[in-house]
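Below are the chains, spelled out letter by letter.
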Amino acid sequence: MPIFEAVMEVLKIHEFTGHTGSVYTQVFDRDTQTLYTAGSDAMVAAWDLQKGGDGTLLVKAANSIYSMQQVEGLGLLLGGMHGNLHLISLEEKKELRNIEAHRQGIFDIVHDAEQHRIYTVGFDGMLHVWDMQLQHLQAVNVSAKSLRSLCLMPGFIALGSSDHAIHLLYRDTLKPF
């Protein structure tokens, strides 16, 4: 017996085209009603959801962008395929910093507003912790396989891994649960 039998009709409102490769990541800015997208073509595009139409090229990176996170007061953080963490100024539309962060691709970036930290995970199986000035605070080797996703929960960090597991760490100590 199938678990889901419901059929849902989806109505397409808009379709934005312009990337020349797969779109891997998106971030929505509620204040400006802008959708930022990035992917295999290394382009970061900005789409005005109120006006519609063509997007604008924000920046062109050197390599594919796997992950993205907007951090208020800091800018747009991009996780690159070679492990670099890029800080982009939305106002100046340029890269402000390029930090060698992971040995290979960064698959997720999460801002922890409570603890004023930024977390990155990637292909190397590492969790990296950054302060709000992007100074490296800590690296934790979590898995021999890549870490694909990160979720903040009260008291814990959940890390989705290619080793078919969800790794739980205490948020304050980064020790395993």
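Please refer to the structure higher up on the page.
In this report, the structure presented in the accompanying data block is examined. All of these numbers come straight from a predicted model, not from anything done at the bench.

### Some words on the side chain of Thr34
So, step 1. Looking at the element boundaries, Thr34 is found in strand β2 (residues 34-39).
So, step 2. Among the polar contacts made by the side chain of Thr34, one reaches the side chain of Thr32 at a distance of 2.9 Å.
So, step 3. Once residues within four sequence positions are removed from consideration, Thr34 is found in contact with Val27, Phe28, Asp29, Ala46 and Trp47.

### Describing the pattern of salt bridges
Any two side chains of opposite charge can pair if their charged atoms end up close together.
So, step 1. Counting across every chain of the model gives two salt bridges.
So, step 2. For Glu92, the salt bridge identified is with Lys94, shortest N-O distance 3.4 Å.
So, step 3. A relative accessible area of 48% means that Glu92 is categorised as partly exposed.
So, step 4. Among the salt bridges present, the one from Asp112 reaches Arg171, with a minimum N-O distance of 2.9 Å. Here Asp112, found in strand β9 (residues 106-112), pairs with Arg171, found in the segment after β15 (166-170); they are 59 residues apart in sequence, far enough to count as distant.

### Here's the deal with the sheet that holds β15
So, step 1. On the basis of which strands lie adjacent, the open sheet formed by three strands has the order β13-β14-β15 and antiparallel pairing. Looking along the sheet, the strands with just one partner apiece sit at the ends: β13 (147-153) and β15. For this sheet, the mean angle separating the axes of adjacent strands, direction not counted, is 20 degrees.
So, step 2. As defined by bridge partners, strand β14 (residues 156-161) adjoins β15 across five bridges and the pair is classed as antiparallel. Pairing of Gly160 across the sheet is with Ile166, part of β15.

Calculation rules
Residues numbered from 1 in each chain as written. Predicted model: local features only at pLDDT ≥ 70, side-chain atom pairs only at ≥ 80, totals over all residues. Heavy atoms only, no water. Helix = DSSP H or I, 4+ residues; strand = E, 2+ residues; numbered from the N terminus. Polar contact = N/O pair within 3.5 Å; in protein donor to acceptor, adjacent residues only side chain to side chain. Contact = heavy atoms within 4.5 Å. Salt bridge = Lys/Arg side-chain N within 4 Å of Asp/Glu carboxyl O. Buried < 20%, exposed > 50% of the residue type's maximum accessible area, 1.4 Å probe, protein only. Pairing = 2+ DSSP bridges. Axes fitted to C-alpha atoms, helices over the stretch in contact; angles between N-to-C directions.

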